[in-house]
Amino acid sequence: AMGLLTSRGPASWHPVGKEDLAIFRKAVEHCEKTGTSIEQLAIQYSLSNTKVPTTLVSVGNPQEILQNLEWANQQPDWSLVDEVREILRPVMNKDWIVG
């Protein structure tokens, strides 16, 4: 989602509107309250979902690669997945055109 599913948020050039961005922030904050980052949940969910053929992540340093590998070897908290999906329902399957 071009940075929307991260605690740092998308880059300034991202075309997401303020209302949609607030929905993503709510999901990030909900995950943080449970002690799970949205990055962790997104990686675990996408890797455990057979309908997702490829999972791409961005890293800034070797430690983040190791962290992602650790998360990749864990199953997601499925109740948290359901809660986040409910929060994200208004923006589910929405595309933001860059250009």
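A few points on the structure. (Residues numbered from 1 in each chain as written. Predicted model: local features only at pLDDT ≥ 70, side-chain atom pairs only at ≥ 80, totals over all residues. Heavy atoms only, no water.)

## Here's the deal with helix α2 (residues 38-48)
Of the positions making up α2, those classed as buried are Ile 38, Glu 39, Gln 40, Leu 41, Ile 43, Gln 44 and Ser 46. Of the surrounding secondary structure, the elements contacted by the buried residues of α2 are α1 (18-34), α3 (62-72) and α4 (78-88). (Buried < 20%, exposed > 50% of the residue type's maximum accessible area, 1.4 Å probe, protein only. Helix = DSSP H or I, 4+ residues; strand = E, 2+ residues; numbered from the N terminus. Contact = heavy atoms within 4.5 Å.)

## Points about the packing of aromatic side chains
Within a pair of aromatic rings, the relevant descriptors are the distance that separates the centres and the angle that separates the planes. On inspection of all chains with the given rule, the structure shows 1 aromatic pair. Ring geometry for Tyr 45 and Trp 78: centres 6.2 Å apart, planes at 70°, overall edge-to-face. A residue pair is termed long-range when its members are at least 10 positions apart, and Tyr 45 in helix α2 and Trp 78 in helix α4 qualify at 33 residues. (Phe/Tyr/Trp six-rings, centres within 6.5 Å; stacked < 30°, edge-to-face > 60°.)

## Digging into the packing of α1 against α4
Put simply, α1 and α4 touch, their axes get as near as 9 Å, and they point 160° apart. What the angle tells us is that α1 and α4 run roughly antiparallel. For the crossing formed where α1 meets α4, the hand is right-handed. Facing α1, whose interface residues are Ile 23, Phe 24, Lys 26, Ala 27, His 30, Cys 31 and Thr 34, α4 presents Leu 80, Glu 83, Val 84, Ile 87 and Leu 88. By residue class, the composition of the contact of α1 with α4 is 8 nonpolar, 2 polar and 2 charged. (Axes fitted to C-alpha atoms, helices over the stretch in contact; angles between N-to-C directions. Parallel < 35°, antiparallel > 145°, perpendicular 65-115°, else oblique. Left-handed = near helix turned anticlockwise from the far one by under 90°. Nonpolar A, V, L, I, M, F, W, Y, C, P; charged D, E, K, R; others polar.)

## Considering the environment of Cys 31
Turning to its location among the elements, Cys 31 is positioned in helix α1. C-alpha of Cys 31 to C-alpha of Ile 43: the two residues are 12 residues apart in sequence and 13 Å apart in space. Residue contacts for Cys 31: discarding those within four places in its chain leaves Thr 36, Ser 37, Ile 38, Leu 41, Leu 80 and Val 84.

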